[in-house]
Protein chains: 2
Amino acid sequence: MIPNWLLKRSSLTPNRTALSFEDRQWTFLQLKEEAVLIARKLRMNGLVEGDRIALLGPSTPDMVFVIHGCLLAGLEIVMLNSRLSAKEILWQLDDSNAFRLIVEDELFHQIGIKDVPMITFSSLQSSEQRDLSVSEMWDASRTITIMYTSGTTGFPKGVRQTAGNHTSSALSSVLNLGLTDDDRWLCTMPLFHISGFSILVRSVIYGMEVRLYNKFDTESVVDELRKGSVTRMSVVGTSLQRILDEFEKTGNVAHPNFRTMLAGGGPVPDNYLRRAEDCKLPVLQTYGMTETSSQTATLSAEDALRKSGSAGKPLFFNQIKIRDTEKAGEFGEVLIAGPHVTPGYIGHAAERDPLEDGWLPTGDIGYFDQEGYLFIVDRRSDLIISGGENIYPAEVENVLLSHPNVTEAGVCGKAHPEWGSVPVAFIVVSGEVTEEDLEVHCQQLLARYKVPKAFYFVDQLPRNASNKLLRRELKEWAALK
Amino acid sequence: MIPNWLLKRSSLTPNRTALSFEDRQWTFLQLKEEAVLIARKLRMNGLVEGDRIALLGPSTPDMVFVIHGCLLAGLEIVMLNSRLSAKEILWQLDDSNAFRLIVEDELFHQIGIKDVPMITFSSLQSSEQRDLSVSEMWDASRTITIMYTSGTTGFPKGVRQTAGNHTSSALSSVLNLGLTDDDRWLCTMPLFHISGFSILVRSVIYGMEVRLYNKFDTESVVDELRKGSVTRMSVVGTSLQRILDEFEKTGNVAHPNFRTMLAGGGPVPDNYLRRAEDCKLPVLQTYGMTETSSQTATLSAEDALRKSGSAGKPLFFNQIKIRDTEKAGEFGEVLIAGPHVTPGYIGHAAERDPLEDGWLPTGDIGYFDQEGYLFIVDRRSDLIISGGENIYPAEVENVLLSHPNVTEAGVCGKAHPEWGSVPVAFIVVSGEVTEEDLEVHCQQLLARYKVPKAFYFVDQLPRNASNKLLRRELKEWAALK
């Protein structure tokens, strides 16, 4: 059994700040009161413990209140990505069999969904209340959230994340990062992704403030980091790059209060890590995914520089092994086990067991070095096999990014009559650079077969709401060239 | 499943300091190597996974190595109190059916046990080794330790403490106290008690250094606190008092690095808390016991002064309720539930379920105040009922200790023909004070029926190895008066 996070937390430290947004703040007691209000209104709207709803909203305090209200009411929440098309949302509503869609009014009008049983935030707000009894303890297997993840092929699968998954994830993380009274986690990641949602979970389990932003705004973020008004932050490569650019432009560095920049969503290029060091930003690379309710491995602070590029070691309660390997240094598929691993999917994938012999096959390729540090090489689905040789896009991208005028790079395979597939690169540049320059640069640093056969200059790369590179879309671009 | 603590920890942070003793230090990797060596030697001595052994040793690094060696070898450890008589040890060996007694040589000679299958530390040290395979994961229900506790009446009962109990206790504590890279826990409590053993557990789960002392030495302890070379410490009232005396004598205060003085083993008198404040010692009262693998409730730092005298709120994963009460302020028996509560006893008490409807009845009397803070009033078994009125010894002791010349006080019931029982007091004084002075002092502060009917001046009070007042022994003293 696991204590109802918010009930327990608001009883332990009612007067600590739980949430801040712009210039407003809420204590854990106030957060609980807001959430209880929502829960009573949900009850009035006919929702009862065990019901599954879908939730679509921006990263605002109201959204946080609705999330905690749903949890107090005992609901399972399908977290919908606010960048989805109406068609994709309808598909997920259908697949998840959600009883109601709870949707923020503006997004509702933007997306233009119709004929779906729904409750808007405003109608919920103006609703009457009805008494409800709130469970003080949760079963560890209780589903808290469901997040759809595209996986490697086919339709998205709805991943169950239980109370036990989220809780053990938060606990593993605290044993790695530590915890102090002044901790404040800056959240600019979408709450509908595990990267953002897991910050809300840590907040109620740790008694830690979340500093919430509706969206990533480089100047405001850098201001917080410079002043030391936050101590932790989660980023992906692109947001890290913008932060670094801004710091370098202004000549500022991060305040010593700021302790952890958790960098996920794919490998962070080495030169970002070096630049971050100059800006006094302690970047810790992490490796996690929707199926593991956030981090599985994270580099510890003391290894950040010595093991730059590594995702660290599997956190305290987690296990990782590399399929069919015996020695350090051998590449293979990353397999994950632990209390943070999803028990399974819902909807069309409900019958599919995510585990093989107790281990989650990730499709990702990685290896452990001699000291047991995990290096994620790439996503298996993106592996480019060219004339029998394996090419890992991230390796090529890293080389491209080491060129001073390249700000973003995405590499994928393009069908080729002779070699089966060849790598091609999409490039965002910040200064004068030619295709020939890049070819020479790559030839200096890579085996010939790894050098992209074409360099396409673009304004931006295809990315999702978390700024993760959409490799499938990149392949579609390549196919059209 | 729970990761094998030391294996996992030594893999995560091999080079952090795990243990220091006098001027020697061991990293987690070195600790693991020492423990593996012991485990292999235990294996050579015929001990196999699942065997139960009894362990008797002082608080030294060798003892720590043997403890971790036993855990790596998959053994259950009966932790024997080194102050027991030979007779008591033989009784516990018999009751626990321990396969071997592992005993430090000096203690072995001191206690003079004979005809028991045993292995001394020195014979273990000089033993050959044998290969063993160490489990990377433990079942949460695996018994780690067994500690005998006297309970309220009759024979001591061997309390099982599982991997899950110890782990959840450490996790609940970290969510209350926080964790930083510089944390070092000063351990002067006996390792055979849960107060000391739980520090070793936190060390391997947190990756935190234990600064180990063989025994409590006031001057050295105060020196560590003054220099800030440790950040946490566990104490009982008596050791706290000695620390306060020494600080006051020398005019020093604790270093700001020092963050938590965890005070258990019974209520700490209010005036200690005030004196501690002057010495810059942040004392947090805690409430725990052998059956709950250490802390169940602890006052958080932010409430230490405002709620002085309270044991705080039940920690994150724990629950407490007061039997048969409905409102705040009502006294009753303290009942405990949570993942830290023992699954049961071994030996003669094996058949006895420690829980009633999922809750552990503690025999202790307490109440929650309006804000949900727990106050432990006394042990039920020590309740003095006098003419139908309830008298809680701790309340009377608190009053006596508030007299400037009283350094220690123990109150218990003495049979009385008219009232059934009357309170009497045993007193250790530091200056001139008469029985009449004390009577007047008590009459000013207590209801008449609570004022001790006799004051006995003694050199010291009966205490166990953790310095906890032995109330049963006190009653025997009273009966002889």
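As the structure is a computational prediction, the values presented were derived from the model and not from experiment. (Residues numbered from 1 in each chain as written. Chains lettered and ligands numbered in written order. Predicted model: local features only at pLDDT ≥ 70, side-chain atom pairs only at ≥ 80, totals over all residues. Heavy atoms only, no water.)

Looking at the overall build of chain A
1) Next: What chain A contains, in helices and strands, is 14 helices and 27 strands.
2) Next: By the compact-globule yardstick of 23 Å for 481 residues, chain A fits well, its C-alpha radius of gyration being 22 Å.
3) Next: Overall size of chain A, expressed as C-alpha extent along the three principal axes, is 70 × 50 × 45 Å.
4) Next: The buried share of chain A, taken over its 481 residues, is 61%. (Helix = DSSP H or I, 4+ residues; strand = E, 2+ residues; numbered from the N terminus. Rg over C-alpha atoms; globule rule 2.2 N^0.38 Å. Buried < 20%, exposed > 50% of the residue type's maximum accessible area, 1.4 Å probe, protein only.)

With respect to helix α12 (residues 393-401) of chain B
Residues spaced three or four apart along an α-helix point in a common direction, a consequence of the helix completing one turn every 3.6 residues.
1) Next: In terms of burial, α12 of chain B is largely enclosed, as seven of its nine residues are buried.
2) Next: Listed as buried for α12 of chain B are Pro393, Ala394, Val396, Glu397, Val399, Leu400 and Leu401 of chain B.

As for the domain arrangement of chain A
Residue and element names in this part refer to chain A.
1) Next: Taken domain by domain, chain A consists of domain 1 (2-9 + 23-138), domain 2 (165-321 + 363-381) and domain 3 (383-480).
2) Next: On a C-alpha basis, the centroid separation for the pair domain 1 and domain 2 is 27 Å.
3) Next: Each partner contributes residues to the interface: domain 1 has 17 residues there, and domain 2 has 19 residues.
4) Next: Taken together, domain 1 and domain 2 are joined by zero salt bridges.
5) Next: At the boundary of domain 1 and domain 2, one finds five residue pairs in polar contact (both at pLDDT 80 or more).
6) Next: Within the residue set of the side of domain 1 that touches domain 2, elements represented by two or more residues are α1 (5-12) and α3 (61-72). (Domains from an automatic or database assignment. Contact = heavy atoms within 4.5 Å. Salt bridge = Lys/Arg side-chain N within 4 Å of Asp/Glu carboxyl O. Polar contact = N/O pair within 3.5 Å; in protein donor to acceptor, adjacent residues only side chain to side chain.)

Remarks on the sheet that holds strand β16 (residues 294-298) of chain A
Residues and elements named next belong to chain A.
1) Next: Taken in spatial order, the nine strands of this open sheet run β3-β2-β12-β11-β13-β14-β15-β16-β17, and their pairing is mixed. A single partner strand is all that each edge strand has here, and the edge strands are β3 (24-27) and β17 (313-314).
2) Next: Packing against the sheet, helix α10 (residues 237-250) makes contact with β13 (232-236), β14 (260-264) and β15 (283-289), and its axis sits at approximately 115° to β13. (Pairing = 2+ DSSP bridges. Axes fitted to C-alpha atoms, helices over the stretch in contact; angles between N-to-C directions.)

Re the UniProt feature "domain: AMP-binding enzyme C-terminal" (unreviewed entry) in chain A
1) Next: Within the UniProt annotation, "domain: AMP-binding enzyme C-terminal" (unreviewed entry) is assigned to residues 395-468 of chain A.
2) Next: Annotation note: span residues 395-468 of chain A, helix share 24%, strand share 32%, distance between end C-alpha atoms 16 Å. (UniProt positions renumbered as here; feature names shortened; annotations may be inferred.)

Considerations on the environment of Leu469 of chain A
Residue and element names in this part refer to chain A.
1) Next: Relative to the elements of secondary structure, Leu469 occurs in the loop between β27 (455-457) and α14 (471-480).
2) Next: The exposure class assigned to Leu469 is buried, which follows from its relative accessible area of 17%.
3) Next: The spacing of Leu469 and Ser11 is 458 residues in sequence and 42 Å in space, taken between C-alpha atoms.

Brief notes about the packing of helix α2 (residues 28-44) of chain A against α3 of chain A
Working note: a packed helix pair is described by the angle between its axes plus the distance between those axes.
Residues and elements named next belong to chain A.
1) Next: Packing of α2 against α3 leaves a shortest axis separation of 7 Å and a crossing angle of 65°. For α2 against α3, the interelement crossing comes out right-handed. On the side of α2, the interface is formed by Leu31, Lys32, Glu34, Ala35, Val36, Ile38, Ala39 and Leu42, while α3 contributes Val64, Phe65, Val66, His68, Gly69, Cys70 and Leu72.
2) Next: Of the residues that constitute the contact of α2 with α3, the class distribution is eleven nonpolar, two polar and two charged. (Left-handed = near helix turned anticlockwise from the far one by under 90°. Nonpolar A, V, L, I, M, F, W, Y, C, P; charged D, E, K, R; others polar.)

Considerations on the pattern of salt bridges
Oppositely charged side chains are able to pair whenever their charged atoms sit close together.
Residue and element names in this part refer to chain B.
1) Next: Considering all chains together, one arrives at 40 salt bridges over all chains under this definition.
2) Next: As a salt-bridge pair, Glu371 and Arg306 come within 3.1 Å of each other at their nearest N and O atoms. A residue pair is termed long-range when its members are at least 10 positions apart, and Glu371 in the loop between β21 (360-368) and β22 (374-379) and Arg306 in the loop between β16 (294-298) and β17 (313-314) qualify at 65 residues.
3) Next: Looking at Glu371, the relative accessible area reads 40%, which means it is partly exposed.
4) Next: When the shortest N-O distance is used, the salt bridge between Lys307 and Asp369 registers 2.6 Å. Note that Lys307 is positioned in the loop between β16 and β17 and Asp369 in the loop between β21 and β22, a separation of 62 residues in sequence.

So, the relation of the copies chain B and chain A
Two copies of a chain can be linked by a rotation about an axis combined with a shift along that same axis.
1) Next: Least-squares fitting of chain B to chain A yields an RMSD of 0.1 Å, with the transformation described by 0.0 Å of translation along the axis and a rotation of 180°. On this basis, the relationship between the two copies can be described by a two-fold rotation axis. Taking the C-alpha atom as reference, chain B places Leu179 of chain B closest to the rotation axis, 2.5 Å from it.
2) Next: Take the interface residues of chain B: 100% of them recur as interface residues in chain A, which is what a same-surface contact looks like. (Least-squares fit on C-alpha atoms with pLDDT ≥ 70 in both.)

Thoughts on the interface of chain B and chain A
1) Next: Contacts between the two partners involve 28 residues from chain B and, on the opposite side, 28 residues from chain A.
2) Next: In total, about 2700 Å² of surface goes out of reach between chain B and chain A, with carbon and sulfur atoms giving 59% of it.
3) Next: Connecting chain B to chain A are zero salt bridges.
4) Next: For the pair chain B and chain A, the interface holds nine residue pairs in polar contact (both at pLDDT 80 or more).
5) Next: Secondary structure elements with two or more residues in the side of chain B that touches chain A: α1 (5-12), α7 (163-177), α8 (194-206) and β17 of chain B.
6) Next: Here the side of chain B that touches chain A takes five residues from α1 of chain B, the largest share from any one element. (Buried area = accessible area lost by both parts, 1.4 Å probe.)

Quick look at the packing of aromatic side chains
1) Next: Applying the stated criterion to the full structure yields 16 aromatic pairs over all chains.
2) Next: Ring centres 5.0 Å apart and planes at 70° place the aromatic pair Trp5 of chain A and Trp138 of chain A in the edge-to-face group. Of this pair, Trp5 of chain A sits in helix α1 while Trp138 of chain A sits in strand β8 (residues 137-138); the two residues are 133 residues apart in sequence, bridging distant segments of the chain. One exposure class covers both Trp5 of chain A and Trp138 of chain A, and it is buried.
3) Next: The lysine or arginine in question, Arg202 of chain A, covers the ring of Trp185 of chain A, its NZ or CZ lying 4.5 Å from the ring centre.
4) Next: Cation over ring: Arg142 of chain B sits above Trp138 of chain B, and NZ or CZ is 4.7 Å from the ring centre. (Phe/Tyr/Trp six-rings, centres within 6.5 Å; stacked < 30°, edge-to-face > 60°. Lys NZ or Arg CZ within 6 Å of the ring centre and 35° of its normal.)

What to know about the pairing of strand β19 (residues 332-337) of chain B
Residues and elements named next belong to chain B.
1) Next: Here β19 lies mainly inside the structure; six of its six residues are buried.
2) Next: Where strand β18 (residues 319-322) lies against β19, four bridges are found, and the strand directions are antiparallel. Bridging from a neighbouring strand, Ile320 pairs with Ile336 of β19.
3) Next: Sheet topology places β19 next to β21; four bridges connect them, and they run antiparallel.

A short note on unusual backbone geometry
All names here are of chain B.
1) Next: Non-glycine residue Asp115 carries a positive phi angle of around 55°.
2) Next: For Asp115, a relative accessible area of 81% gives the class exposed.
3) Next: With phi around 50°, Asp357 is a residue other than glycine that occupies positive phi space.
4) Next: One can find Asp357 in the loop between β20 (345-346) and β21.

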